[in-house]
Amino acid sequence: MDPKNGSSFTGFILLGFSDRPQLERVLFVVLLIFYLLTLLGNMSIIALSRLDPHLQTPMYFFLSNLSFLDLCYTTSTVPQLLVDLRGADKSISFAGCVAQLFVSLWLGSTECILLGVMAFDRYAAVCRPLHYTVIMHPRLCSLMASASWFIGFVNSSLHTVFIFLVPLCGRNKIEHFFCEVTPLLKLACVDTTGNENEIFFASVIILLIPVALITFSYGQIVRVVLAIKSASGQRKAFGTCGSHLTVVSLFYGTGIYIYLQPSNNYSQDQGKFISLFYTIVTPMVNPVIYTLRNKDVMGAMRKVFCQDYDSR
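Reading the values: the criteria
- Residues numbered from 1 in each chain as written.
- Predicted model: local features only at pLDDT ≥ 70, side-chain atom pairs only at ≥ 80, totals over all residues.
- Heavy atoms only, no water.
- UniProt positions renumbered as here; feature names shortened; annotations may be inferred.
- Pairing = 2+ DSSP bridges.
- Helix = DSSP H or I, 4+ residues; strand = E, 2+ residues; numbered from the N terminus.
- Core = buried A, V, L, I, M, F, W, Y, C linked by side-chain atoms within 4.5 Å.
- Buried < 20%, exposed > 50% of the residue type's maximum accessible area, 1.4 Å probe, protein only.
- Contact = heavy atoms within 4.5 Å.
- Phe/Tyr/Trp six-rings, centres within 6.5 Å; stacked < 30°, edge-to-face > 60°.
- Lys NZ or Arg CZ within 6 Å of the ring centre and 35° of its normal.

Labelled according to an unreviewed UniProt entry, the protein appears under the name Olfactory receptor, originating from Panthera tigris altaica. Reading the Sequence similarities (unreviewed entry) entry of the UniProt record for the protein gives the comment "Belongs to the G-protein coupled receptor 1 family."

Okay, here's the thing in structure tokens:
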């Protein structure tokens, strides 16, 4: 997508929800509230993981990585969307579109890998409790987290380069609220079947390999839990995994729908609303899911607030 394809090419126009002006007003208020809640919730998780010594474990190390990732992921798209919802100018520069696509793909790919790593952590905690601290050594945790970010970076770099090499022939109106893969390819004035096949193949690897690891991990966890005779032990084991499994279902469900369905079945309206879900709703609810039934996090919150109150 060479910017020189058109003589007056200056960037792209994000059509978003411009055909629904009444909806734009409602979305602005709702998304602004959701975005602020996302910032508050994820920043709280990161802060608590640093402040409370009891939360300085592999599970919360990965959770703080996930929270930081969600903060960046939401911030890569939502501020631009909020500006577009309130103004008549819905343009984005060519460089801005490239950056937005690259960052969103990088963070989305990283989250795919990281959720698989977190499933392995839960497997080690439940199925190998006596060896957990040896298996999930801090160095290994750092290595797995770094590998997740690196794989996401490589995947995003390749996708971004391939997508923006496709000629546009002056087309610049993106039927979406941010620079996303499928709407960008629909601007092309050449056959993009090869690009779509490459994206599908890469998506299968990035999405389904972690899904296979998650399925194996939770299959082993269920087998071990069912062997536990005490009801309290079963509840505790399921409690440590239920939150992660809920997040996995929300994230992979939307990701598989967007990236693994045939392009001729792609609905622009459905794509927009599902993208809203995984760019703002999922990052917002992740901290809630991980804290509501988590006694460690709730205890850390009470401890921090009580210390702050006592210091006054």
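J.: Hey, could you go over the sheet that holds strand E3 (residues 173-174) for me, with residue numbers and the actual values?
T.: Ordered in space as E2-E1-E3, the three strands form an open sheet in which the pairing is mixed. Looking at the sheet topology across the chains shown, the edges are occupied by strand E2 (91-93) and E3. One ladder, built from three bridges, connects strand E1 (residues 11-14) with E2; its direction is antiparallel. Residue pairing for E2: Phe12 is matched across the bridge by Ile92.

J.: Break down the nonpolar core for me, with residues and values.
T.: Residues Leu31, Phe62, Leu115 and Tyr252 are the most contacted members of the largest nonpolar core, which totals 58 residues. Of all the elements in the fold, those that place two or more residues in this core are helix H1 (21-51), helix H2 (58-75), helix H3 (78-86), helix H4 (94-127), helix H6 (138-164), helix H8 (193-227), helix H9 (231-259) and helix H10 (268-292). For this core, the leading source of residues is H4, giving twelve residues. Contact partners of Tyr252, with chain neighbours within four places excluded, come to Cys112, Leu115, Gly116, Leu207, Pro210, Val211 and Ile214.

J.: For the UniProt feature "transmembrane region" (unreviewed entry) in the protein, give the residues involved together with the corresponding values.
T.: Taking the numbering used here, the UniProt-annotated feature "transmembrane region" (unreviewed entry) corresponds to residues 26-48, 60-78, 98-120, 140-166, 199-226, 238-260 and 272-292. The distance separating the terminal C-alpha atoms of residues 140-166 is 40 Å; by composition the span is 93% helix and 0% strand. Split by type, residues 199-226 is 100% helix and 0% strand. Its first and last C-alpha atoms lie 40 Å apart.

J.: How would you explain the packing of aromatic side chains if you had to name every residue and give the values?
T.: Centre distance and the angle of the planes are the two values used to describe a pair of aromatic rings. Under the counting rule described, the total for this entry stands at 15 aromatic pairs. Ring geometry for Phe12 and Phe94: centres 6.1 Å apart, planes at 25°, overall stacked. Taken as a pair, Phe12 in strand E1 and Phe94 in helix H4 lie far apart in primary sequence, 82 residues in all. As far as burial versus exposure is concerned, Phe12 and Phe94 are alike and both buried. Centre to centre, the rings of Phe102 and Phe153 are 5.6 Å apart; their planes meet at 90°, and the pair counts as edge-to-face. In this pair, Phe102 is assigned in helix H4 and Phe153 in helix H6, connecting sequence segments 51 residues apart. Assessed through its relative accessible area of 36%, Phe153 is described here as partly exposed. A network of ring pairs unites the aromatic residues Phe68, Phe102, Trp106, Trp149 and Phe153 as a single cluster. Lying over the aromatic face of Phe28, Arg86 brings its terminal NZ or CZ to 5.2 Å of the ring centre. Its end group placed over the ring of Phe17, Lys272 keeps NZ or CZ at 5.8 Å from the ring centre.

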